[in-house]
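Remarks on the overall topology
Here's the letter readout for the chains.
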Amino acid sequence: MSSKSSLLKVILLGDGGVGKSSLMNRYVTNKFDAHLFHTIGVEFLNKDLEVDGRTVTLQIWDTAGQERFRSLRTPFYRGSDCCLLTFSVDDSQSFHNLVNWKKEFIYYADVKEPESFPFVVLGNKLDVSERQVSSEEAQEWCMESGGYPYFETSAKDATNVAVAFEEAVRRVLSLEDRHEHLIPTDTVNLHRKPRSATQCC
Amino acid sequence: MDEEYDVIVLGTGLTECILSGIMSVNGKKVLHMDRNPYYGGESSSITPLEELYKRFGISDSPPESMGRGRDWNVDLIPKFLMANGQLVKMLLYTEVTRYLDFKVVEGSFVYKGGKIYKVPSTETEALASNLMGMFEKRRFRKFLVFVANFDENDPKTFEGVDPKLTTMGEVYKKFDLGQDVIDFTGHALALYRTDDYLEQPCLETINRIKLYSESLARYGKSPYLYPLYGLGELPQGFARLSAIYGGTYMLNKPVDEIVMEGGHVVGVKSEGQVARCKQLICDPSYIPERVHKVGQVVRVICVLSHPIKNTNDANSCQIIIPQNQVNRKSDIYVCMISYAHNVAAQGKYIAIVSTTVETSDPEAEIEPALELLEPIDQKFVAISDMYEPTDDGTESQVFASRSYDATTHFETTCNDIKDIYKRMTGSDFDFENMKRKQNDVFGEDEQ
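Residues numbered from 1 in each chain as written. Chains lettered and ligands numbered in written order. Predicted model: local features only at pLDDT ≥ 70, side-chain atom pairs only at ≥ 80, totals over all residues. Heavy atoms only, no water.

Quick notes on the overall build of chain B
Helix and strand content of chain B: 12 helices and 19 strands. Referenced to the eigenvectors of the C-alpha coordinate spread, the extents of chain B come out at roughly 70 × 60 × 60 Å. The proportion of buried residues among the 447 residues of chain B is 61%. Considering only contacts in chain B between residues 6 or more positions apart, those separated by 24 or more positions represent 72%. When the 48 positive and 66 negative side-chain charges of chain B are each reduced to one mean point, those points stand 4 Å apart. (Helix = DSSP H or I, 4+ residues; strand = E, 2+ residues; numbered from the N terminus. Buried < 20%, exposed > 50% of the residue type's maximum accessible area, 1.4 Å probe, protein only. Contact = heavy atoms within 4.5 Å. Lys, Arg positive; Asp, Glu negative; His and termini not counted. Charge placed at Lys NZ, Arg CZ, Asp CG, Glu CD.)

A look at the pairing of strand E8 (residues 115-118) of chain B
Residue and element names in this part refer to chain B. In terms of strand pairing, strand E7 (residues 108-112) meets E8 through 4 bridges, oriented antiparallel. Paired with Phe109 across the two strands is Lys118, which belongs to E8. Taking the residues between adjacent antiparallel strands as the criterion, E7 and E8 are bridged by 2 residues, where Gly113 takes a positive phi near 60°. (Pairing = 2+ DSSP bridges.)

Side note on the interface of chain B and chain A
Each partner contributes to the interface: chain B provides 54 residues, whereas chain A provides 44 residues. For the pair chain B and chain A, the summed buried area comes to about 4400 Å², and 54% of that belongs to carbon and sulfur atoms. Where chain B touches chain A, the interface holds 4 salt bridges. The salt bridge involving Arg78 of chain A is made with Glu233 of chain B; its shortest N-O contact spans 2.7 Å. The tally of links between chain B and chain A comes to 19 residue pairs in polar contact (both at pLDDT 80 or more). Of all the elements in the fold, those that place two or more residues in the side of chain B that touches chain A are helix H3 (86-94), strand E6 (102-104), helix H4 (123-128), helix H8 (203-219), helix H9 (233-244) and strand E10 (248-250) of chain B. Take the side of chain B that touches chain A: its biggest share by element is 7 residues, from H9 of chain B. (Buried area = accessible area lost by both parts, 1.4 Å probe. Salt bridge = Lys/Arg side-chain N within 4 Å of Asp/Glu carboxyl O. Polar contact = N/O pair within 3.5 Å; in protein donor to acceptor, adjacent residues only side chain to side chain.)

Quick look at the environment of Ala162 of chain A
Relative to the elements of secondary structure, Ala162 of chain A occurs in helix H6 (residues 161-174). Between the C-alpha atoms of Ala162 of chain A and Val120 of chain A, which are 42 residues apart in sequence, the distance is 13 Å.

Structural notes on the pairing of strand E15 (residues 317-321) of chain B
Residue and element names in this part refer to chain B. E15 sits mainly inside the fold: 5 of its 5 residues count as buried. Taking every second residue as pointing to the same face, both faces of E15 are buried, with Cys317, Ile319 and Ile321 on one and Gln318 and Ile320 on the other. As paired elements, E7 and E15 share 3 bridges and run parallel to each other. Its bridge partner being in E15, Phe109 is matched across the sheet by Ile319. Both E15 and strand E16 (residues 332-338) contribute to a ladder of 5 bridges, which runs antiparallel. Directly across from Cys317, in E16, lies its bridge partner Met336.

Regarding unusual backbone geometry
Residue and element names in this part refer to chain B. A cis amide bond links Thr47 to the next residue, Pro48, at an omega of -10°. Here Glu374 and Pro375 are connected by a cis peptide whose omega angle stands at -5°. Along the chain, the position of Pro375 falls in the loop between helix H11 (367-373) and strand E18 (378-389). For Asp176, which is not a glycine, the phi torsion comes out positive at approximately 60°. Inspection of the secondary structure assignment puts Asp176 in the loop between helix H6 (168-174) and helix H7 (179-189). A residue is classified by how much of its surface remains accessible, and Asp176, at 48% relative accessible area, is partly exposed. Although it is not a glycine, Leu191 adopts a positive phi angle of roughly 60°. Counting through the fold element by element, Leu191 comes out in the loop between H7 and H8.

Let's talk about the domain arrangement of chain B
All names here are of chain B. You can read the domains of chain B as domain 1 (4-42 + 231-292 + 387-425), domain 2 (57-106 + 295-386) and domain 3 (119-219). Averaged C-alpha coordinates put domain 2 and domain 3 at centres separated by 27 Å. Opposite the 14 residues of domain 2 that make contact, domain 3 presents 15 residues. Summed over both partners, the interface of domain 2 with domain 3 comes to about 1300 Å²; 55% of that surface belongs to carbon and sulfur atoms. On the domain 2 side of the interface with domain 3, the three residues burying the most area are Met82, Ala83 and Asn84, jointly 36% of the side's total. One can count 1 salt bridge joining domain 2 with domain 3. Where domain 2 packs against domain 3, one counts 8 residue pairs in polar contact (both at pLDDT 80 or more). Across the side of domain 2 that touches domain 3, the residue classes tally to 6 nonpolar, 6 polar and 2 charged. (Domains from an automatic or database assignment. Nonpolar A, V, L, I, M, F, W, Y, C, P; charged D, E, K, R; others polar.)

Here you go:
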């Protein structure tokens, strides 16, 4: 089969401090930096990959810290193809907040069919010793919420990071009506050079 | 909170969000707060429709015919972007364009003798237009060529006109333009709302006519652009820029007090905590004692189920009602957009009438505009005070922005931003200051 390239907007969503930026950096650059000062100026990272014979470009968007005080809105959310709901296994509050993040995503991304939207859930910081959220508890929530795939990850030691993103891509590609994205017609590209024809007035 | 910032910004109107973005991109540590749960302040787009009804004190729910509430994004202020204007330059330099899609407004119309006429967008349309007679058209064309060639740095283009001394009235006389052409030029092209400009030196007017022509040439149809999902996307986009460069955002955050010491700002108190800062930017509503009222604007948001008559079924348009057509001092504007811009439910149109208030009965003042829109499904009437700062911020380091005026573009807003920037930094504003500082699609080049 021919390989068909497409750009997918993927967002990582969850409480501040659960490791979203670290996951993004681990996956795209295979680096882990505990301080993350270098994410200033980073809006999204791109990664090309091949899944089941198809080549896609993932555009993974950073929250830029706007989630800390719940100030994320449509510039971040709109146009997302997939949402990775992320919590930290050592922080039960971040797990309980997933339900709010899911609600907020559905609202601001204006998702028309929430039941079939491809959510993937990540329980990060698997490397820490003291868990507050058990695997069983998380699996149960994922199953009840919509049968979401669940991955326990560590950005620090790279556990399950790549496989989680790849599953996210599979979920998006498996949607039959994916190509029916509402692309606005007759919009203008502000970057294009003006027309050369002279005009009156 | 309980931290130290270079700049605290209160209110997430477009002016404040653009300034926040500029300051963050330039390495300032910025805290940006708004008492509302949404971005935009006075320049927001209200969604869902139920919120708009609530905001305007309408106790009924929207009727079924209005469709899904979430499909509505209703602007509180009616404006379009000049395609070659300063706001578009700001969007391009900051790449805030990546969050937004724009459409060209489909037409511009001018009211004359009780009817509306299309403002010509091509030479063919101009020749066919009934706005002026044939001999007038030839003189007008000569005038437009003069304007197009005019370069304030090249005296050879002046044709005896002094850009800093010759009044615009004198320029019109030089080209022997009649009153109809003068009215059209001043109000439909230079977009003046009054006739005060006639006694002013001509350079500003020439530049405004140039801006209109260059904006029109960019895409055709009209000089205006409009963002899908409403104008409220603009402040959100610039806020996102600020956040990417380290700005901290707190919506739903009440401001208890602005803390001053020895006449200058030292911080902001919210919910018992104080964030300290060296400088403060805010919209007028946060600092009523440091602004004064300079007038009022009336804006009436009208929901329609039809395009406006005689606009060739346009999904978007502007109508200018020049002040002397209706015995006023200021022009009345109508800005119309629709479901085609993802701001209304399918088949619905939003027309917003606005003008500077001149009497104690502003709704009666705009009656000629409302008549053009009938039948109207629902009206939302807002009469807003306009404020300006009383203090330039030198001593206090408090920089209040100006309220949004009745113009239907953002040039005055951008001028306010540039002025505040200069007072805050001591340097002239330069669009280069808005450029993103590094390749923030890191990783793309490695594939």
